Amino acid sequence: MFLSNSTDSGGVPLSVDFDSPVDYLIFISQLLFATAAVLVAGPVAITICSTRALRLQNRFIFMLNTSICDTLVGFSVFYLGLFDVQEGYPSRNGTYNMLPSLLGVNIMTFLFAQFDRYFAVCHPFIYTRFVTRAVVITANIYCWLQVYAQSIILSFVPLSKALEVYVFGIISLQIIVFTKVVMTIKLYVIARYQLERDPPSAEKENNKESLRIIIFVVISFLVLWCPSFVNVIIRFVGGGGLTFRNEATNLFAIMARLNAVCTPSVYIWGSPALREAMVRTVWGRVCPRCKAR
């Protein structure tokens, strides 16, 4: 793991000093959140990987990608949330934004998933012909390459250039967020009007289910992540905004990471097929009573 500007030659100190009950609350909440993210998102990823019927559907490929990200976010909190870490510029015991970049992968994946559902419902013939499983897998791989290529470049260029690239990334992120909002509204209109006119079929139910899931996921993502986004813009553009001692006490970063629990929870709630497969492949083996029930 990449470390920089360590404050203690004996190792990285903990995120809090345990001088007050609030410090204990922060530390325990970070520990519980990291564990919950791994235990919720991890089984979703394992279930999709282990179930061929799910892997063959494009929408579950996107779910798999975000679930892998969310699982890694949970593991990352065991470092970012429990130790004295400050990412960004300046960095303290940071990871060169490698761990926070997991949220960027999720943003890109959600955007591609929205386009995927839009073409699947509005242009089914084009979708069936051109949007193959290989195309969807390539799009998910591109999300990782694009985000981490930028993070690697930032770690090697001079600080002045790194700040320029960072600001460019913020501007690009604004465009992506605006596009996500527009696409969410568009998908809501589709789900409300167009699908109601289609004759009953299994494909119609699958489209309704996938649209419902992606709409709820994107809305929760925007609600939890936008405060952090706005604060970063204010800090770099206006020189104001809020600053925090480290990542564990950064309220905006905590809200953004909550998506690691909310997103897989929405997947489980919105997809009966995923729930049944999860009980059969994961929880049924851990707890035989769950499988019997």
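Here, every reference points to the structure presented above.
Here the structure is a predicted model, which means the values were calculated and not measured.

### Examining the layout of surface pockets
Link 1 in the chain: Its volume calculated, the largest pocket comes out at about 1200 Å³.
Link 2 in the chain: In terms of lining, the largest pocket is formed by 43 residues, of which the most central are Asn-97, Pro-100, Tyr-166, Ile-170 and Leu-173.
Link 3 in the chain: Broken down by secondary-structure element, the contributors of at least two residues to the lining of the largest pocket are helix 4 (101-122), helix 6 (133-156), helix 7 (159-197), helix 8 (202-238) and helix 9 (251-257).
Link 4 in the chain: For the lining of the largest pocket, a count of residues per class yields 25 nonpolar, 14 polar and four charged.

### Here we look at the packing of helix 4 against helix 6
Link 1 in the chain: Axis separation between helix 4 and helix 6 bottoms out at 9 Å; the angle between their running directions is 150°. In this view, helix 4 runs roughly antiparallel relative to helix 6, as classed from their interaxial angle. By crossing handedness, the relation of helix 4 to helix 6 is classed as right-handed. For the pair helix 4 and helix 6, the contacting residues are Ser-101, Leu-102, Gly-104, Val-105, Met-108, Thr-109, Phe-112 and Asp-116 in the first and Val-136, Ala-139, Asn-140, Tyr-142, Cys-143, Trp-144, Gln-146, Val-147, Tyr-148 and Ser-151 in the second.
Link 2 in the chain: Looking at the contact of helix 4 with helix 6 residue by residue, the class counts come to 11 nonpolar, six polar and one charged.

### Some words on the state of the cysteines
Link 1 in the chain: Under the definition given, this model contains zero disulfides.
Link 2 in the chain: Here Cys-143 stays unpaired: no disulfide links it, and the sulfur of Cys-69, its closest cysteine neighbor, is 8.3 Å away.

### Points about empty space enclosed by the protein
Link 1 in the chain: In total, this model carries one cavity of 30 Å³ or more according to the counting rule given.
Link 2 in the chain: Its boundaries defined by the atoms lining it, the largest cavity holds a volume of some 120 Å³.
Link 3 in the chain: Contributing to the lining of the largest cavity are 14 residues, with Arg-59, Phe-62, Met-63, Ala-113 and Ile-214 lying nearest its centre.
Link 4 in the chain: Element by element, the count of residues in the lining of the largest cavity is highest for helix 4, at five residues.

### A few points about the side chain of Asp-70
Link 1 in the chain: In this structure, Asp-70 sits in helix 3 (residues 58-80).
Link 2 in the chain: With no salt bridge to any partner, buried Asp-70 finds its closest opposite charge in Arg-257, at an N-O distance of 11 Å.
Link 3 in the chain: The contact partners of Asp-70, leaving out residues within four places of it in the chain, are Ala-37, Ala-41, Asn-106, Asn-259, Ala-260, Thr-263 and Pro-264.

### A few points about the nonpolar core
Link 1 in the chain: Of all hydrophobic cores here, the largest spans 56 residues; its most connected members are Ile-48, Leu-187, Ile-214, Trp-225, Tyr-267 and Leu-274.
Link 2 in the chain: Looking at this core, the elements with two or more residues in it are helix 1 (21-50), helix 3, helix 4, helix 6, helix 7, helix 8, helix 10 (259-270) and helix 11 (272-286).
Link 3 in the chain: Counting residues per element, this core draws most heavily on helix 8, at 11 residues.
Link 4 in the chain: Here Tyr-267 is in contact with Val-44, Met-63, Thr-66, Ser-67, Phe-110, Ile-213, Val-217 and Leu-274, once residues within four sequence places are set aside.

What counts as what
- Residues numbered from 1 in each chain as written.
- Predicted model: local features only at pLDDT ≥ 70, side-chain atom pairs only at ≥ 80, totals over all residues.
- Heavy atoms only, no water.
- 1 Å grid on protein atoms, 1.4 Å probe; cavity = no way out; pocket = protein on both sides within 12 Å on 5 of 7 lines; lining within 4 Å.
- Points joined across faces, edges and corners; volume = space filled by probe spheres on them.
- Helix = DSSP H or I, 4+ residues; strand = E, 2+ residues; numbered from the N terminus.
- Nonpolar A, V, L, I, M, F, W, Y, C, P; charged D, E, K, R; others polar.
- Axes fitted to C-alpha atoms, helices over the stretch in contact; angles between N-to-C directions.
- Parallel < 35°, antiparallel > 145°, perpendicular 65-115°, else oblique.
- Left-handed = near helix turned anticlockwise from the far one by under 90°.
- Contact = heavy atoms within 4.5 Å.
- Disulfide = S-S within 2.5 Å.
- Buried < 20%, exposed > 50% of the residue type's maximum accessible area, 1.4 Å probe, protein only.
- Lys, Arg positive; Asp, Glu negative; His and termini not counted.
- Salt bridge = Lys/Arg side-chain N within 4 Å of Asp/Glu carboxyl O.
- Core = buried A, V, L, I, M, F, W, Y, C linked by side-chain atoms within 4.5 Å.

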